[in-house]
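Architecture at a glance
This is what each chain is made of:
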Amino acid sequence: EIENIKGNLRKQGNNKINKNERRCKMKKGILAVSFGTSHIDTMEKTIDVLEKEFAKTFEEAVRSRFAPFVDFPIIFASALTKQRILKVLEEARNVYENRTTKIPTARLNEEMLPLIEAYPPPSNKGKYIKIKYITQLPNTQVPSFVYFANLPQYVKEPYKRFLENKMREKWNLTGTPINIYIRQK
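We now turn to the structure provided with this report. Starting from 1, residues in each chain are numbered consecutively following that chain's sequence as written. Given that this is a predicted model, residues contribute local features only at a pLDDT of at least 70 and side-chain atom pairs are listed and counted only at 80 or more, while totals for whole chains, interfaces and linings are drawn from all residues. Side-chain calculation: all heavy atoms of the structure are included, whereas hydrogens and water are not.

For each residue, the accessible area found with a 1.4 Å probe, counting protein chains only, is set against the maximum for its type, and the residue is called buried under 20%, exposed over 50%, and partly exposed in between. The helix and strand labels rest on DSSP assignments: H or I over at least four residues marks a helix, E over at least two residues marks a strand, and numbering proceeds from the N terminus. The buried fraction of strand E5 (residues 144-149) is high, at 5 of 6 residues. Between any two strands, at least two bridges found by DSSP are needed for them to pair. Examined bridge by bridge, strand E4 (residues 131-136) and E5 share 5 bridges and lie antiparallel to one another. Looking at E5, one finds that isoleucine 131 is bridged to alanine 149. Two elements, E5 and strand E6 (residues 179-184), share 6 bridges in a ladder whose sense is parallel. Bridge pairing in E6 links serine 144 to asparagine 179.

See below:
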């Protein structure tokens, strides 16, 4: 992966990587700390010699590989110098807490229904889809939400992604995927 990123930067005409290449010693492994399906990516790296531009490009490349799931923390840490090791553990705890978050039904409906009314799902075959109620499923490994609608079969994937993105904006769900189900009312 790292060689691909360096190659892409060279193709783009970025010669800063060429002169710093011998100073940057990055191991080819990427450690993914996983809790079920939640994860944090940890790159073993000494950040002092890593140029911010290269770090940004590397982070974008990692996020593009995991697309569409791009809402997870990436931490540059070093096992040799023990740099940012505690930060990895703190982020792992935060991701675990985000994964086990329970959002009350009243608050879900209070926050999301006005948004859904402002931006309703697109109509299909002249039929308007109305989402009436939202709840979180109990006892699931990943935060799972059920949206009750009159015509669930007509709700498409782009609208589900829209709902997921809006939920991520309103609540801290970093590092964990969200399951969204649309069911018949």
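On we go from here.
We now examine the environment of lysine 156. Tracing the chain through its elements places lysine 156 in the loop between E5 and helix H6 (157-170). With relative accessibility at 45%, the residue lysine 156 sits in the partly exposed group.

The subject of this paragraph is the packing of aromatic side chains. Think of it this way: a Phe, Tyr or Trp ring, Trp meaning its six-membered ring, pairs with another when their centres are within 6.5 Å, and the plane angle makes it stacked under 30 degrees, edge-to-face over 60, tilted otherwise. Following the criterion strictly, the structure yields 3 aromatic pairs and no others. Considering the side-chain rings of tyrosine 119 and phenylalanine 162, the 6.1 Å spacing of their centres and the 65° angle between planes classify their relative orientation as edge-to-face. On the criterion of sequence distance, the pair formed by tyrosine 119 in the loop between helix H5 (105-118) and E4 and phenylalanine 162 in helix H6 is long-range, its members being 43 residues apart. Overall, the relative accessible area of 22% leaves phenylalanine 162 in the partly exposed class. Ring centres of tyrosine 159 and phenylalanine 162 lie 5.4 Å apart, and the angle between their planes is 35°; on these two criteria the pair is classed as tilted. Linking tyrosine 159 with phenylalanine 162, this pair stays in helix H6, spanning 3 residues, or about one helical turn. Taking the relative accessible area as the measure of exposure, tyrosine 159 reaches 8% and is therefore buried. Members of the aromatic cluster, connected to one another through ring pairs, are Tyr119, Tyr159 and Phe162. Either the NZ atom of lysine or the CZ atom of arginine qualifies as a charge over a ring when it sits within 6 Å of the ring centre and within 35 degrees of the ring normal. Stacked on the ring of phenylalanine 72, the Lys or Arg arginine 63 has its end atom at 5.0 Å from the ring centre. Positioned above the aromatic ring of tyrosine 181 is the side chain of arginine 183, whose terminal nitrogen or guanidinium carbon lies 5.9 Å from the ring centre.

Turning our attention to H6. If you check H6, its first and last C-alpha atoms are 20 Å apart, about what 14 residues at 1.5 Å a residue would give, namely 20 Å. Residues of H6 that are buried include every one of Tyr159, Leu163, Glu164, Met167 and Arg168, and no others. Throughout, a residue-residue contact means that at least one pair of heavy atoms, one from each residue, lies within 4.5 Å. Turning to H6, the residues buried within the fold contact H5, E4, E5 and E6. An expected span of 1.5 Å times one less than the residue number is assigned to each helix.

Only C-alpha atoms enter the line fits that serve as axes; for helices the fit covers just the stretch in contact. Angles between N-to-C directions range over 0 to 180 degrees. Between H5 and H6, the shortest axis-to-axis distance is 11 Å and the interhelical angle comes to 130°. Between H5 and H6, the angle falls in the class oblique. The element H5 and its partner H6 pack so that their crossing is right-handed. Here Leu108, Glu111, Met112, Leu115 and Ile116 of H5 lie close against H6, whose contacting residues are Tyr159, Phe162, Leu163, Lys166, Met167 and Lys170. Amino acids outside the nonpolar list (Ala, Val, Leu, Ile, Met, Phe, Trp, Tyr, Cys, Pro) and the charged list (Asp, Glu, Lys, Arg) are all regarded as polar, and Gly is one of them. Across the contact of H5 with H6, the residue classes tally to 8 nonpolar, no polar and 3 charged. Roughly parallel covers angles under 35 degrees, roughly antiparallel covers those over 145, roughly perpendicular covers 65 to 115, and oblique covers all other angles. In this scheme, a crossing is called left-handed if the near helix is turned counterclockwise away from the far one by less than a right angle; it is called right-handed if the turn is clockwise.

Okay, the pattern of salt bridges next. One speaks of a salt bridge when a side-chain nitrogen belonging to Lys or Arg is within 4 Å of a carboxyl oxygen belonging to Asp or Glu. Under the defined criterion, the tally for this structure stands at 6 salt bridges. Across the pair lysine 87 and glutamate 91 runs a salt bridge whose closest N-O atoms are separated by 3.7 Å. Separated by 4 residues within a single helix, lysine 87 and glutamate 91 lie in helix H4 (residues 85-99), roughly one turn from each other. Assessed through its relative accessible area of 16%, glutamate 91 is described here as buried. With a shortest N-O distance of 3.7 Å, glutamate 111 and lysine 170 are connected by a salt bridge. Of this pair, glutamate 111 sits in helix H5 while lysine 170 is found in helix H6, placing the two residues 59 residues apart along the sequence.

In short, geometric facts, not functional conclusions.
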